Amino acid sequence: MSTGGSYNSERPPSVDVDYSADPASGSFFSTEFKKHEDLKQMLDSNKDGLKLEAMKRIIGMVAKGRDASDLFPAVVKNVVSANLEVKKLVYVYLVRYAEEQQDLALLSISTFQRALKDPNQLIRACALRVLSSIRVPVIVPIMMLAIKDAVSDMSPYVRKTAAHAIPKLYNLDPEQKEELIQVIEKLLSDKTTLVVGSAVMAFEEVCPERIDLIHKNYRKLCNLLVDVEEWGQVIIINMLTRYARTQFIDPNAGEGLEEKEKPFYEDDEQEEPEDADTLVKRPKTMDPDHRLLLRNTKPLLQSRNAAVVLAVAQLYQHIAPRSEVSQVARALVRLLRSHREVQAVVLTNIASMSTRRKGMFEPYLKSFFVRSSDPTHIKALKLEVLTNLATDANISVILREFQTYIGSSDKEFVAATIQAIGRCASNIREVTDTCLSGLVSLLSNRDESVVGESVVVIRKLLQSETVGHKDIISHMARLVDNIKIPMARASILWLLGEYCDKVPKIAPDVLRKMAKTFITEEDIVKLQILTLATKLYLTNPKQTRLLCQYVYNLAKYDTNYDIRDRARLTRALVFPSQGHEDNKLAKHAKKIFLATKPPPVQQSSFKDRDQFQLSTLSHFINARASGYQDLPPFPDDAPDPSVRNVEMPTPVTPVFKSAHQKKKPQKVKSFYSDESSPEDESDEEESESGSESDSESDSSESDSSESSSEEESESESDDDEDEKQRTRGKAKRKSGSGGRKREASESSGSEESESESSESESESSSSESESSSDEESENSESSDEDTKKKKSKEKASNKSKATQGGGNRTNLDLLLDLDDIPPTMDTPLLTPSLGGLLTPTPTAQPAQPLPPGASIQPASAKFVPTTTHELLNRFSGSGLSVGARFTRSPHLYSPRMTSVELTFTNTGTEEIRDISIGRKKLAPGMSLHEFAGIAVLNADTTLHGTLGVDFNDTTQPAVFDLIAGGRTFSISVTAPIGELMTPLAMSEADFNLNQGKLRGMNELSGTAKLPSEQNIKALVDHVYETANLLQVQSLSDNVLKFGGQTASGKVLVLLSLTVPEETAECSITINCEKMVVSSMLLKELQSALAKD
């Protein structure tokens, strides 16, 4: 590639103007005058292309920070340009320089006013932005009119610009506040996500005290929060935090009282209702709007913007219950992977939060380990967090990490690490001696800074210890000659003076050495030498009297006045002048200087930052910044929550209902009648399931029709069973009401077979009403309710006779007879006679022999436990006792779940209301299906509920909160390993085939001692009681085989028991892919088989 002319060929040629004269284009040798003249010529040209090019270059200069204010007259003339691109760039330039060139900008006011009516929304917004940037009081009325018009603009972008212009106008003329509040109120009612954030910003700038403007928009802001831009999310969250602190009560109030007065519940029955009300008042009466705010801000913890995550974190910190604040920990730790600036802010917030909530960040302890690439201030913050998180359980890990930090080349970081070790030692008494010995070993370190910092920390630790460490003090005294750091030398001298009675021979000698170098020491060391001399004279005057006077004489002529004053004061106390020997202070000099000093309090420097709101500038710098406002306290009594109810969309519902009623008059009639006929109810259900846009009112009507059909179905006789069977077959092939209704019932968690039978009966009545004649339906509609009942009964009886007898059949009846022919299919029919849709179908024996492995089928349990495990005793439950029993029956909600029958017994004298499940605390992979809530549990009454738990093939407990009568009790359900299995029916060939596949690590063997006179039947019963397995028919008499699978993972569990005839031991072999299941099952079988 040739070098000559390469640059000229790559550069595009200039056609009209020589662009190289502009510094923005790369030339550094042209004059300023030439540059501006070229740009002015381009702006005065008649060609839009030249104007556009000139504006691009000018905006480029502005973006690079270069002054382009001299071009303002030439640019402002082009504000009337017809070219849209030129006009937008002109407005961008005017926004930048309108405040500096106000006089010239005022000349174009009329142009800006005309642009406010431009069809293009960007031009309207730019004109309003420029108008609000001209800070001249004369145009305040014009700006106010422009903002009022823009607030009603159809474009959300223009309304957003109007919101940004409001603070500018308010700063220009604060007297316009009342009118601006009206504009802000209109903007706050805007439902566009583009406008909401800017409207809240204007509210915070102009009238943050007008909290009444937020009441009616509170729920809308909470619901729109996820869709608002990130900048708006931060503004809204901060505003809602202050709103919640003024409108909701403290959710954490009364928690300490609950633990304190809990034992009195059982002793004093009269005070029990009052205590219960006061203790459960806070969690029970938590405002739904308070919960709405917490629920809608939680997804924002996944935001990519660190400011949004920090805003949500401070919201949870200040207004959420203590049990929910830990939800923000994971999101904050995630931000530690960001830039170092973000890390510093996040770590500051974490350090402040960890001073009060250690357990919140303890699972993420390793995320705070220091990296070699971290800057010093990040290292110091991580050390602070690690020290705050130190507990008895993790102190060994933290100290091991600190030990590696001491070898760092960063001296400031090493000093901070030694200080952190000292804090851990003072806070956790179990490791104080270990840390002290480790710090003493650092005294022999080659690095003088490490030794000096260690001396200071050791001095603080020894001061807090009740028993003095003579050896350590002696060792430190020997280091005085080598340590040159003033603070370390001063610390050693202070220790010698404080504990001079423990080292009576060493302390005077050290004072002698220090007296020699007194003149060259630092001021802090000189002060400690004076203190040491005074204390030694008071305890050992014979040896140190002359030495002490010598030190006083040296200090008397020192250049530092603090040292001179200290020497003059102490000399007057220790060596009183003649005539003042009876001075009272001199008599008590020993008590004054040798008084017991309180140990230094070593606490986090972030402990006092709670006074500032989290994630604010004041919190970060630990000082009150300009404009900071304290977070308001929670009110003692909750304000009226009805002020937020105005946002309910009431006008829409009656219009939608009336239109729906015109389409379906029969449906509304059956809804309002006291006793509706089965025909009307079935019509309602079919019409309801056929329409795809049903409202909430329609769903309530379908619920009422289903409940009425259930009541009628229970009163019918068993003679209609064949008729139900036929209508069930028809309902299955319908794509309308039957299938859709059944899905709804299953998804809502209906677990009883009565609801299914009521569905089949309501569908049968529906099919009968379809085959009725028009005359009968008209008569039934025109008659009163009594006549309607009689005719509906007569029609039902006539139809049943016609169906059974076969007389007077119509064409429709002949079509319906097709349902009587059962389909010829190998799959079993899901009919009521077989137990319903949710009942497992029995396995049918095939006529042909099945291939290997095909005979494995689910089976029912051979043994049902009757033992009830106590979950909540009546004393802890204040009269409510809860027991659990494993039923070994498949749960209707999911086959992976284990059915647990809960027994609720009210042993008290008062009824218990609203028994339900509250918050669930489940391990990962586990799930829980709640039982149907109990509205009222009367005294001396027992009720049952079925709970479904997916234990994920583990014995970890399922922990959840049980809410009964407004109180919350913690319940833990732990399942034995044998209850986490389901039996399988299989042949011996399939058993042996699968057992052969599960060899090696999947096989576990052991032996169990059998009691005397143990027969085979007793062994089988013990196995059934221990595990939910099924015996496999075996050809061998002394080998018992059992098969099953885990309920959640569907993993095969094969059990073999070999019982020799002569020995009293049997061998147990368990084959399973999950070794933990095999091990636990083996232990339980060994203990069960050893019982008599």
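Residues numbered from 1 in each chain as written. Predicted model: local features only at pLDDT ≥ 70, side-chain atom pairs only at ≥ 80, totals over all residues. Heavy atoms only, no water.

(A) Looking closely at the overall build of the chain. Scanning the chain from terminus to terminus reveals 51 helices and 16 strands. Classification of the 1092 residues of the chain by burial places 46% in the buried group. In the chain, once contacts between residues fewer than 6 apart in sequence are set aside, the share between residues at least 24 apart is 66%. (Helix = DSSP H or I, 4+ residues; strand = E, 2+ residues; numbered from the N terminus. Buried < 20%, exposed > 50% of the residue type's maximum accessible area, 1.4 Å probe, protein only. Contact = heavy atoms within 4.5 Å.)

(B) Representation of the environment of tyrosine 170. Mapped onto the secondary structure, tyrosine 170 falls in helix 10 (residues 156-172). Each C-alpha atom, one on tyrosine 170 and one on leucine 180, is 7.8 Å from the other, the two residues being ten residues apart in sequence. With near-sequence residues (within four places) excluded, tyrosine 170 lies in contact with Lys177, Leu180, Glu205 and Val206.

(C) Spatial organisation of the pattern of salt bridges. If you walk through the whole model with that rule in mind, you get 35 salt bridges. The partner of arginine 568 in a salt bridge is aspartate 565, with the nearest N and O atoms 3.1 Å apart. Taken as a pair, arginine 568 and aspartate 565 lie in helix 35 (residues 561-574) at a separation of three residues, close to a single helical turn. Classification of aspartate 565 as partly exposed rests on a relative accessible area of 41%. The closest approach of N and O atoms between lysine 1041 and glutamate 988, which form a salt bridge, is 3.2 Å. (Salt bridge = Lys/Arg side-chain N within 4 Å of Asp/Glu carboxyl O.)

(D) Highlighting the sheet that holds strand 5 (residues 912-921). Read across the sheet, four strands follow the order 7-5-9-10 without closing on themselves; strand pairing throughout is antiparallel. Of all strands in the sheet, those with a lone pairing partner are strand 7 (934-937) and strand 10 (967-973), marking the two edges. Neighbour to neighbour, the strand axes of the sheet diverge by 35 degrees on average, direction disregarded. Pairing of strand 5 with strand 9 (residues 958-964) involves four bridges; the strand directions are antiparallel. Residue serine 916 lies in a different strand from strand 9, and its bridge partner there is isoleucine 963. (Pairing = 2+ DSSP bridges. Axes fitted to C-alpha atoms, helices over the stretch in contact; angles between N-to-C directions.)

(E) How the structure looks around the packing of helix 12 (residues 193-206) against helix 15 (residues 230-247). Where helix 12 contacts helix 15, the axes come no closer than 8 Å and their chain directions differ by 45 degrees. The angle between helix 12 and helix 15 places the two elements in the oblique class. Viewed along their axes, helix 12 and helix 15 form a crossing whose handedness is left-handed. From helix 12, Val196, Gly197, Ser198, Val200, Met201, Phe203 and Glu204 reach across to helix 15, where they touch Trp231, Gly232, Ile235, Ile236 and Met239. Residues of the contact of helix 12 with helix 15, tallied by class, amount to eight nonpolar, three polar and one charged. (Parallel < 35°, antiparallel > 145°, perpendicular 65-115°, else oblique. Left-handed = near helix turned anticlockwise from the far one by under 90°. Nonpolar A, V, L, I, M, F, W, Y, C, P; charged D, E, K, R; others polar.)

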